[in-house]
Amino acid sequence: MSSRTMKLYSDYPRHRTRQIVADLFALAAIAASVWLGFVIHGLVDGLKSFGAQMEESGSGFRSTMTDISDNLSGIPLIGGGVTTPFDNASNAGKALESAGQAEQVAVHNLAIGLGLGIAALPILTILLFWLVPRLRFAHRAGSARSMSTQPAGVDLLALRALAGQKLSRISAVHPDPMSAWRNGDEVAMRALANLELKSSGVRVR
């Protein structure tokens, strides 16, 4: 879609003001959603400290039991039998260390998921109910403005009004607007064209 066929704001002050206010509100809401997502991510991600403590405790316990086992293994005759409980304890410490690492990964992934979800849902809703209509307006207004500068612009705009405007509006222009367009009624066609321009946010010149 060419930028030349886009017209972001209406030529009419009241309508333009409403559009600007809506744009600012939407952008502020998007920024707030992103900020909230970062906050939630930080809060949840901070819970990794429990996993880090678990990993550190398991590592320390495993290291201690391994050192004791190594020292006892050097005792003649009884070293091999005495070390078994300490080896088992060292394995338990290793399991605790692994559990701490897994807990940190799980919490980190949860933090990312919650942060993205809390930010994305409002943003997608805003884009759906704000950006899509704004893009439609911009394209329609730009297209109407472009048509108004063409030699057959009045005819095209009048036909577009007949196709898209409410029946009550075009009936107010002419009792039988379709016949007027077919017969080339210049006054009726210009009125229909002006109706289309005004509804598209393009000031009639």
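Here the structure is a predicted model, which means the values were calculated and not measured.

### Observations regarding the overall build of the protein chain
Here is step 1 of the chain: Assigned secondary structure in the protein chain consists of 7 helices and 0 strands.
Here is step 2 of the chain: Listed N to C, the secondary structure of the protein chain is α-α-α-α-α-α-α in terms of helices and strands.
Here is step 3 of the chain: The C-alpha atoms of the protein chain give a radius of gyration of 36 Å, which is well past the 17 Å a tight globule of 205 residues would have.
Here is step 4 of the chain: The buried share of the protein chain, reckoned over its 205 residues, is 30%.
Here is step 5 of the chain: Across the protein chain, every contact between residues at least 6 apart in sequence was considered, and the portion connecting residues at least 24 apart equals 74%.
Here is step 6 of the chain: Split by element, the accessible area of the protein chain, about 12800 Å² in all, is 65% carbon and sulfur.
Here is step 7 of the chain: The centroid of the 20 positive side-chain charges in the protein chain is displaced by 23 Å from the centroid of its 15 negative side-chain charges.

### What about the pattern of salt bridges?
Here is step 1 of the chain: Under the criterion given, the structure shown has 6 salt bridges.
Here is step 2 of the chain: A salt bridge links aspartate 11 to lysine 7; its shortest N-O distance comes to 2.7 Å.
Here is step 3 of the chain: The exposure class of lysine 7 is buried, given its relative accessible area of 9%.
Here is step 4 of the chain: When the shortest N-O distance is used, the salt bridge between lysine 48 and aspartate 45 registers 3.6 Å.
Here is step 5 of the chain: Overall, the relative accessible area of 25% leaves lysine 48 in the partly exposed class.
Here is step 6 of the chain: Owing to a relative accessible area of 16%, aspartate 45 belongs among the buried residues under this scheme.

### Re the packing of aromatic side chains
What describes a pair of aromatic rings is the distance from one ring centre to the other and the angle between the planes of the rings.
Here is step 1 of the chain: Scanning all chains against the criterion turns up 0 aromatic pairs.
Here is step 2 of the chain: The ring of tyrosine 9 has arginine 134 sitting right over it, with the charged end atom 5.0 Å from the ring centre.

### Focus on the environment of alanine 102
Here is step 1 of the chain: Summarising the element assignment, alanine 102 is placed in helix 3 (residues 79-148).
Here is step 2 of the chain: The partly exposed category is assigned to alanine 102, whose relative accessible area is 46%.

### Remarks on helix 7 (residues 186-199)
A turn of α-helix holds 3.6 residues, and therefore any two residues three or four places apart point the same way.
Here is step 1 of the chain: With 14 residues, helix 7 extends 20 Å from end C-alpha to end C-alpha; this agrees with the ideal 20 Å at 1.5 Å per step.
Here is step 2 of the chain: Burial in helix 7 covers these residues: Ala188, Met189, Leu192, Ala193, Leu195, Glu196 and Leu197.
Here is step 3 of the chain: Of the residues that open helix 7, the one with a side-chain oxygen 3.2 Å from the backbone nitrogen of valine 187 is aspartate 185.
Here is step 4 of the chain: Phi turns positive, to about 85°, at glycine 201, one or two residues after helix 7.

### Notes on the environment of glutamine 104
Here is step 1 of the chain: Here glutamine 104 lies in helix 3.
Here is step 2 of the chain: Of the residues examined, glutamine 104 reaches a relative accessible area of 19% and is grouped as buried.
Here is step 3 of the chain: Sequence separation between glutamine 104 and glycine 46 is 58 residues; the distance between their C-alpha atoms is 9.6 Å.

### With respect to a nonpolar patch on the surface
Here is step 1 of the chain: A contiguous nonpolar patch, built from Leu8, Tyr9, Ile20 and Leu24 and spanning about 360 Å² of accessible area, is present on the exposed surface.
Here is step 2 of the chain: One can find leucine 8 in the segment before helix 1 (13-45).

### A closer look at the side chain of glutamine 19
Here is step 1 of the chain: With respect to the secondary-structure elements, glutamine 19 resides in helix 1.
Here is step 2 of the chain: In contact with glutamine 19, other than residues within four places in its own chain, are Leu8, Tyr9, Ser10, Arg134 and Phe137.

Cut-off values and rules
- Residues numbered from 1 in each chain as written.
- Predicted model: local features only at pLDDT ≥ 70, side-chain atom pairs only at ≥ 80, totals over all residues.
- Heavy atoms only, no water.
- Helix = DSSP H or I, 4+ residues; strand = E, 2+ residues; numbered from the N terminus.
- Rg over C-alpha atoms; globule rule 2.2 N^0.38 Å.
- Buried < 20%, exposed > 50% of the residue type's maximum accessible area, 1.4 Å probe, protein only.
- Contact = heavy atoms within 4.5 Å.
- Areas by Shrake-Rupley, 256 points an atom, 1.4 Å probe, with all protein chains shown as cover.
- Lys, Arg positive; Asp, Glu negative; His and termini not counted.
- Charge placed at Lys NZ, Arg CZ, Asp CG, Glu CD.
- Salt bridge = Lys/Arg side-chain N within 4 Å of Asp/Glu carboxyl O.
- Phe/Tyr/Trp six-rings, centres within 6.5 Å; stacked < 30°, edge-to-face > 60°.
- Lys NZ or Arg CZ within 6 Å of the ring centre and 35° of its normal.
- Expected span 1.5 Å × (residues − 1).
- Polar contact = N/O pair within 3.5 Å; in protein donor to acceptor, adjacent residues only side chain to side chain.
- Patch = residues over 30% accessible without salt bridge, like charges linked within 9 Å, V, L, I, M, F, W, Y side chains within 5 Å.

Interpretation in functional terms is not warranted from these geometric data alone.
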